[in-house]
Amino acid sequence: MKARVYVSLKSTVLDPQGQTVKSALGSLGYKSIADVRQGKFFEIALEPGTLPEKARGEIDTIAREVLTNPVIEEYRIEFSD
Amino acid sequence: MKFGVIVFPGSNCDHDAWYAVSNNLGRPAEYIWHDSHSLGDVDAVILPGGFSYGDYLRCGAIAKFSPVMAAVRRFAEDGGLVIGICNGFQILVETGLLPGALIRNRNLRFICKPVELKVQTVDSPFTNAAGKGQSLCLPIAHGEGCYYADERTLDELEAEDRVAFRYVRNPNGSLRDIAGILNRERNVLGMMPHPERATEPLMGCRDGLVVFQSMAAALAYRS
């Protein structure tokens, strides 16, 4: 079982890296790009046999308390086998 | 009166802070290793600049889980004086001892230069020896020094006179030009500029000494 945690800046927080990527894309000629937001991605492998319910609870705690700073960031979790 | 300088793996201003206190302020200072569960008998704590734990994940994010930070939190909650400088400020916001966050500089660059600050309040143990509105020239050296907080928090900081320092020419995009803030109880200060790097003429100026002199005065007044 694997968990994928996507961490992104809240929409209210300025993302200068995303802005720079966006302007670089514009200067490369990609005219259809309206906005770019940059974030972080964590792929977490769980020990075989971990109970799905336990894993969900733990990964949610880890995402909330370690992987994100709730002042500026939010997260989304996906699980796969 | 003794100052404790916390040392994390990756701290690199710990010696500067120790030197500023012991040599230029003339008070005893000792190092406290990050895996220590106790602060011993120190009267004030300095969280120095650097790149604690390589700044991995987020600046200060790993440091907040170190054993010594549990002790620093208890010390702060008991009213002890805690100053976080640069990476130390980042650690204090990560631990929640100060509000807001420090994010990537607006221009994406690591900025290393002297900047002019104005002292915004003298009603604190870190600025009592300064004059209100006094101008200080202190070095900054950071890539993630843009102070961010939501509007409500920013309004609260201003209403409660908790902005300690503001930049005269904002170098990093910090909201409302904030360079340093206090907690509600006013015993915890976080600031991005480095007062310890400006404590004798050889360093260019000694404008930063007033922060440590203020702390010494506050501690003397308490005892």
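Small disclaimer: the values here were computed from a predicted structure and weren't measured.

Scoring rules and cut-offs
Residues numbered from 1 in each chain as written. Chains lettered and ligands numbered in written order. Predicted model: local features only at pLDDT ≥ 70, side-chain atom pairs only at ≥ 80, totals over all residues. Heavy atoms only, no water. Helix = DSSP H or I, 4+ residues; strand = E, 2+ residues; numbered from the N terminus. Contact = heavy atoms within 4.5 Å. Salt bridge = Lys/Arg side-chain N within 4 Å of Asp/Glu carboxyl O. Buried < 20%, exposed > 50% of the residue type's maximum accessible area, 1.4 Å probe, protein only. Polar contact = N/O pair within 3.5 Å; in protein donor to acceptor, adjacent residues only side chain to side chain.

### So, the side chain of Asn87(B)
Item 1. Relative to the elements of secondary structure, Asn87(B) occurs in helix α3 (residues 87–95).
Item 2. For Asn87(B), the residues in contact, after removing those within four places along its chain, are Pro48(B), Gly49(B), Gly50(B), Phe51(B), Ser52(B), Asp55(B), Cys59(B) and Gly60(B).

### Concerning the pattern of salt bridges
Item 1. By the definition in use, this model includes 25 salt bridges over all chains.
Item 2. Here Lys54(A) ties to Glu58(A) by a salt bridge, and the two come within 2.8 Å at their closest N and O atoms. Placement of both Lys54(A) and Glu58(A) in helix α2 (residues 52–67) is noted, with a separation of four residues, approximately one turn of the helix.
Item 3. Relative accessible area serves as the criterion here: at 47%, Lys54(A) is assigned to the partly exposed category.
Item 4. The closest approach of N and O atoms between Arg186(B) and Asp161(B), which form a salt bridge, is 3.6 Å. One end of the pair, Arg186(B), is in the loop between β10 (178–182) and β11 (188–191); the other, Asp161(B), is in the loop between α4 (151–159) and β9 (163–167), and 25 residues separate them in sequence.
Item 5. Sharing partners across several salt bridges, the network here consists of Lys40(A), Glu73(A), Arg58(B), Lys64(B) and Glu94(B).

### Looking at the side chain of Gln90(B)
Residue and element names in this part refer to chain B.
Item 1. Tracing the chain through its elements places Gln90 in helix α3.
Item 2. Owing to a relative accessible area of 4%, Gln90 belongs among the buried residues under this scheme.
Item 3. Of note is the side chain of Gln90, whose polar atom sits 2.7 Å from the backbone oxygen of Glu144.
Item 4. Sequence-distant contacts of Gln90, that is, excluding residues within four places in its chain, are made with Cys59, Gly60, Leu102, Glu144 and Met192.

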